[in-house]
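Below, each chain spelled out in residue letters.
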Amino acid sequence: MMLAVIVGCALALVTSQHQARKLYVELQKEQELAKQFEVEWGQLQLEASTWATHARVERLASRALGMRVPPASRVQVVPAAAPEGRP
């Protein structure tokens, strides 16, 4: 009887250690994947900022849409409205 309990405990210990190792390997893989996603996110942010540069937008507006910058004499600057409660 005692031998069966000892064997059962030993098998449970081996099984739990094996499961812990498998989970640790899986954790390492997921952490590596997270690092790759962080790198890709940084690259996408850089690409998005490149696509939205003022010079690129202006170039596309002039080439594709036929738009042009108005002369300075036609530009009016509108002051921002004061926040509520402030004069």
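Here, the structure is the one placed above.
Being a predicted model, the structure only gives us computed values, none of them experimental.

Draft legend 1. Looking closely at the overall build of the protein chain. Looking only at helices and strands, the protein chain features two helices and zero strands. Rg of the C-alpha trace for the protein chain: 32 Å, well past the compact-globule value of 12 Å for 87 residues, more than 25% over. When the backbone C-alpha atoms are referred to their principal axes, the protein chain occupies close to 100 × 45 × 15 Å. Looking at the protein chain as a whole, 1% of its 87 residues are labelled buried. Accessible area of the protein chain: about 8500 Å², with a carbon and sulfur share of 64%. Averaging the positions of the 10 positive and the 8 negative side-chain charges in the protein chain gives two centres separated by 8 Å.

Draft legend 2. Representation of the environment of Ala12 within the structure. Residue placement: Ala12 occurs in helix H1 (residues 2-51). Of the residues examined, Ala12 reaches a relative accessible area of 45% and is grouped as partly exposed.

Draft legend 3. Structural context of a nonpolar patch on the surface. A cluster of nonpolar side chains, contributed by Leu3, Val7 and Leu11, occupies part of the molecular surface with about 310 Å² of accessible area. By the element assignment, Leu11 lies in helix H1.

Draft legend 4. Structural context of the environment of Val75. Its place among the elements puts Val75 in the segment after helix H2 (54-64). Residues Val75 and Glu40 lie 35 residues apart in sequence; the distance between their C-alpha atoms is 41 Å.

Calculation notes
Sequence order as written defines the numbering, with residues in each chain counted from 1. Under the rules for a predicted model, residues below a pLDDT of 70 receive no local features and side-chain atom pairs below 80 are neither given nor counted, while totals for whole chains, interfaces and linings still include all residues. The basis for every side-chain value is the complete set of heavy atoms in the structure, and neither hydrogens nor water enter the calculation. Helix numbers and strand numbers start at the N terminus; a helix is a DSSP run of H or I with at least 4 residues, a strand a run of E with at least 2. Radius of gyration: over C-alpha atoms. The globule rule applied is 2.2 Å multiplied by the number of residues raised to the 0.38 power. Only protein chains enter the accessibility calculation, which uses a 1.4 Å probe; a residue whose area is less than 20% of its type maximum is buried, one above 50% is exposed, and one in between is partly exposed. For every accessible area listed, the method is Shrake-Rupley and the probe measures 1.4 Å; residues are considered covered only by the protein chains on display. His is not counted, nor are the chain ends; Lys and Arg add positive charge and Asp and Glu add negative charge. Where a charge lies is defined by one atom per residue type, namely NZ (Lys), CZ (Arg), CG (Asp) and CD (Glu). Patch membership is restricted to residues that have no salt bridge and whose relative accessible area is over 30%. Joining uses 9 Å for like charges and 5 Å for the nonpolar side chains Val, Leu, Ile, Met, Phe, Trp and Tyr. Salt bridges are defined as contacts in which a side-chain nitrogen from Lys or Arg sits within 4 Å of a carboxyl oxygen from Asp or Glu.

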